[in-house]
Amino acid sequence: MALRMKASMFVGLLLLSLAWKATWAKVEVNMEDRVEVFLRDTAQITCMFTVSDSPDDVIIQWYMITKTNVRLRIYYGDSTIQVVDRGGQFTDKISVIGNGKSSEVVLTIRDVALEDELEFICQVNGLSAGNEEGRTMLKVFESPDRPIIEGVHSGISVSNKNPSKIGSCEAKNGYPRPNITWYRDQISLQNTPGVVSVVTLVTKESSGLYTVQSDLHLNVVKEDKDSFFYCEVSYLVPGGTKMTETNKINITVHYPTTSLDVWVESPKGRVKEGDTVEIHCRADGNPQPPFTFMHNMEELKSELNVLVLKDVTRLSNGNITCGALDLDTYEETLAHTELFVDYLDPAVLIPKDTHVMAKGEELIATCNALSSLPTHTEWFKKGEKVAEGHTLTLKDAVFDMAGTYVCVVKVPSLKGLETSGSLHVLVQGPPEIKESADTVLEESTEKSLKLSCHARGYPTPVITWSSSDQSQILKVSHRQTEDEVLSVVSVKVTSDITAYCNASNNHGTDSISFSIKAMVQTTSSAPSTTVKTPSAPITVGAPVPVTTVTPVTPPKRVKKEGSGVIIAVIIICILLLAILGSVLYFLHMKGKIPCGRSGKQDLTKPNKGSIVVEMKSDNTEEAVLLGVNGDKKPPSDQGDKYMDVQK
């Protein structure tokens, strides 16, 4: 009895111990509610747990919840074995890091696909401690392509009663489905009956991605012509939301014309006679209606809604009217502008054309031109300004005042508006010959010399030439105008002459003379002579003639002196040289002049042929030896010694 009671007590204590242990043993599991990952990336789902008793005996199992809400195991692991269940969609895509001995197990899913977006369960079994599980939802994302917007190409009328399509916006290949919002000038547009209508079409592609297309319909107003429309695409990504805007588009709005604007497009500023004028007309409606142009109530033809008036005159002044007819309401709108053409009449000169005035007279000429604007007048002669103002005054007329005067009348305030006229002035009077730079000339004989004579006067002078010795005068050139003449002649010089140029007309004559000196060129030279005798004593039986050589310098060319004087001087010099030679020869024959270099030679024994004379020319190296009898002897026949015969 006692033994039975003790056994009962032991069993009770054992049961009490087991009950107490079961009461205090516990398993806790912690997991994230969701894990987000991009398509084709790698996802990691973490399962953290704690077991209060025997942590080494923990069993880990991973489950998934299918789209049809079926729970399927994909992994089993304990302290001795880890197995991925075969035949499922994750057989080759998952791996598990960690086991029951650790407090954290990570499920890794590679190359995540859209169908992997499921709920995953981590179950931890602590045996005596019981089991617990946690759940995580795997979310998969894919960003859409850049959105595309396209507006309607045709115009949209404000008179349409129902909202008209503005454009279409499309976002392709996004997951989850993207959202599209329309904006007008940064203000979002929401569906409003009769005003705004947004139609959205969602398409799920075979890949499981979404394509969203949104069409905007709007009841447009005139102000929408300046508005910009665009759409914004918003889509989910891991950890948040992103937005992408499209390009902005503008639409063409058709609205009726209420007013017109007409103006002169070309030329800018004032219009002058001769211009081509372009008149434009513009309506405030769209599209631009066809225009009609009226000029002083007369309809004019236009091209491309532009009125072109060519070569306008002052008769083109008047009212220009532009009209437009609205084809919807059949109401006509008109606009007006005034065209004024500035003008400048041809210049009127008094006197006009050609005016003849006598020397010393005074001329007052006027130049005027009628214009719609203030004018300014200038006078020009040969391109140089000579006067300013409407009046030209010429006092005490001289030939230099003759010529053509051009008056130019301009409108300073309008470039290109100018006119001109000319007045030809002739000064009447006797001829005047322009002084020549040189009237005393020199030229060699038998050569020709050109002479020119320039005379002025009106009527045109007549020029005649003459000479003092009736020399032939040949005309080279002759040029003349109505009040000037230039004559050029050629004179052959044979002696000193004087040439005369005479100019005459109805009012008198004038003349000028040219004095021409004929120059004779004479060039002569005489060789110098050297007389040599042998140095040995010789006897002279007869007097030896002595030749004295005097160099003659050629006469220089003397300007402005007579050639006869030069010839006379040359002749006198030659005569003096001849006389001097004769005297020296006579004295030598009388024995008044001894021969020899030093006076020591014996001259008492004449020896025929022993005395030689060496004559040298200043212009040659050759020596010629002459005997007393005048015979030539070569140098080889003479003795080695000789003497000079000098004076």
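Residues numbered from 1 in each chain as written. Predicted model: local features only at pLDDT ≥ 70, side-chain atom pairs only at ≥ 80, totals over all residues. Heavy atoms only, no water.

*Asks:* I'd like to hear about the overall build of the protein chain, residue by residue, with values.
*Replies:* What the protein chain contains, in helices and strands, is 2 helices and 49 strands. Going through the 647 residues of the protein chain one by one, you find that 37% of them count as buried. Long-range contacts, defined here as pairs at least 24 residues apart, represent 63% of the contacts in the protein chain between residues at least 6 apart. Carbon and sulfur atoms make up 52% of the accessible area of the protein chain, which amounts to about 38300 Å² in all. (Helix = DSSP H or I, 4+ residues; strand = E, 2+ residues; numbered from the N terminus. Buried < 20%, exposed > 50% of the residue type's maximum accessible area, 1.4 Å probe, protein only. Contact = heavy atoms within 4.5 Å. Areas by Shrake-Rupley, 256 points an atom, 1.4 Å probe, with all protein chains shown as cover.)

*Asks:* Quick one: what's the story with the sheet that holds strand 15 (residues 187–189), residue by residue and with numbers?
*Replies:* The strands that make up a sheet are held in pairs by hydrogen bonds between backbone atoms, and each pair lies either parallel or antiparallel. Spatially, 4 strands are ordered 15-14-18-19 in an open sheet, and the strand pairing comes out antiparallel. Either end of the sheet is taken by a strand with one partner, and the two such strands are strand 15 and strand 19 (240–245). The sheet shows a mean angle of 35° between the axes of neighbouring strands, taken without regard to direction. One ladder, built from 3 bridges, connects strand 14 (residues 179–184) with strand 15; its direction is antiparallel. Among the inter-strand pairings, tryptophan 182 is bridged to a residue of strand 15, identified as leucine 189. (Pairing = 2+ DSSP bridges. Axes fitted to C-alpha atoms, helices over the stretch in contact; angles between N-to-C directions.)

*Asks:* Run through the nonpolar core, naming residues and quoting values.
*Replies:* Counting 33 residues, the largest nonpolar core has Trp62, Ile74, Leu107, Ile109, Phe120 and Val124 as the members making the most contacts within it. For this core, the element with the highest residue contribution is strand 3 (residues 43–51), accounting for 5 residues. Of all hydrophobic cores here, the second largest spans 26 residues; its members include Met357, Leu392, Val411 and Leu414. (Core = buried A, V, L, I, M, F, W, Y, C linked by side-chain atoms within 4.5 Å.)

*Asks:* Residue-level account of the pairing of strand 7 (residues 94–97), with values.
*Replies:* Within a regular beta strand, the side chains point alternately toward one face of the sheet and then the other, so they alternate between its two faces. What you see with strand 7 is a clean split: Ile94 and Val96 sit on the buried side and Ser95 and Ile97 on the side with no burial. Note: strand 7 against strand 8 (residues 104–109), 4 bridges, orientation antiparallel. Opposite serine 95, over in strand 8, you have threonine 108 as the bridge partner.

*Asks:* Could you give me a rundown of unusual backbone geometry, with the residues and numbers involved?
*Replies:* Going from asparagine 286 to proline 287, the amide bond is cis rather than trans, its omega being 0°. You can see proline 287 is positioned in the loop between strand 23 (277–283) and strand 24 (291–295). Along the chain, isoleucine 350 connects to proline 351 via a cis peptide bond; the corresponding omega equals -10°. By secondary structure assignment, the location of proline 351 is in the loop between strand 30 (348–350) and strand 31 (353–358). Although it is not a glycine, aspartate 185 adopts a positive phi angle of roughly 50°. Here aspartate 185 lies in the loop between strand 14 and strand 15. A residue is classified by how much of its surface remains accessible, and aspartate 185, at 37% relative accessible area, is partly exposed. Although it is not a glycine, asparagine 296 sits at a positive phi angle of roughly 50°. For asparagine 296, the location among the structural elements is in the loop between strand 24 and strand 25 (298–300). When its relative accessible area of 43% is taken as the criterion, asparagine 296 is described as partly exposed.

*Asks:* Tell me what's going on with the state of the cysteines, and back it up with residues and numbers.
*Replies:* Tallied over the full model, the rule gives 5 disulfides. Bridging cysteine 47 to cysteine 122, the disulfide has an S-S length of 2.2 Å. With the S-S dihedral at roughly -80°, the linkage between cysteine 47 and cysteine 122 falls on the left-handed side. Of this pair, cysteine 47 sits in strand 3 while cysteine 122 sits in strand 9 (residues 119–125), placing them 75 residues apart in sequence. Under the relative-accessibility criterion, cysteine 47 is labelled buried at 0%. (Disulfide = S-S within 2.5 Å.)

*Asks:* Hey, could you go over the sheet that holds strand 24 for me, with residue numbers and the actual values?
*Replies:* Strand order in the open sheet made by the 4 strands is 25-24-27-28, with antiparallel pairing throughout. Across the chains shown, the open sheet's two edge strands, defined by having one partner strand only, are strand 25 and strand 28 (332–339). Here the average twist between neighbouring strands, direction ignored, is 30°. Bridge analysis of strand 24 against strand 25 gives 3 bridges, and the strand direction is antiparallel. Within strand 25, the position partnered with phenylalanine 293 by the bridge is leucine 300.

*Asks:* Kindly report on the pattern of salt bridges, identifying the contributing residues and their values.
*Replies:* Side chains carrying opposite charge are able to pair once their charged atoms draw close together. Applying the stated rule across the entire model yields 24 salt bridges. For arginine 314, the salt bridge is made with aspartate 345, and the minimal N-O distance between the two is 2.6 Å. Taken together, the residues arginine 314 in the loop between strand 26 (306–309) and strand 27 (318–325) and aspartate 345 in the loop between strand 29 (341–342) and strand 30 connect sequence positions 31 residues apart. By relative accessible area, arginine 314 is classed as partly exposed at 29%. As a salt-bridge pair, lysine 385 and glutamate 388 come within 3.5 Å of each other at their nearest N and O atoms. (Salt bridge = Lys/Arg side-chain N within 4 Å of Asp/Glu carboxyl O.)

*Asks:* So what's going on with a nonpolar patch on the surface? Which residues, and what values?
*Replies:* Residues Ile579, Val583, Phe586 and Leu587 make up a contiguous nonpolar surface patch of roughly 360 Å² in combined accessible area. If you trace the backbone, valine 583 turns up in helix 2 (residues 563–589). (Patch = residues over 30% accessible without salt bridge, like charges linked within 9 Å, V, L, I, M, F, W, Y side chains within 5 Å.)

*Asks:* Any chance you could break down the packing of aromatic side chains for me, citing the residues and the numbers?
*Replies:* Taken as a whole and judged by the stated rule, the model has 4 aromatic pairs. Ring geometry for tyrosine 183 and tyrosine 230: centres 5.3 Å apart, planes at 5°, overall stacked. Remark: tyrosine 230 occurs in strand 18 (residues 229–237) and tyrosine 183 occurs in strand 14; sequence separation between them is 47 residues. Here tyrosine 183 and tyrosine 230 have matching classes, each one buried. Measuring from ring centre to ring centre gives 6.1 Å for tryptophan 465 and phenylalanine 514, while their planes differ by 25°; the resulting arrangement is stacked. (Phe/Tyr/Trp six-rings, centres within 6.5 Å; stacked < 30°, edge-to-face > 60°.)

*Asks:* Requested: an account of the pairing of strand 34 (residues 384–388), with residues and values cited.
*Replies:* Summarising the sheet, strand 33 (residues 376–381) and strand 34 pair through 4 bridges and their orientation is antiparallel. Within strand 34, the position partnered with lysine 381 by the bridge is glutamate 384. Taking the residues between adjacent antiparallel strands as the criterion, strand 33 and strand 34 are bridged by 2 residues, where lysine 382 takes a positive phi near 55°.

By themselves, these are just geometric observations and shouldn't be taken as functional.
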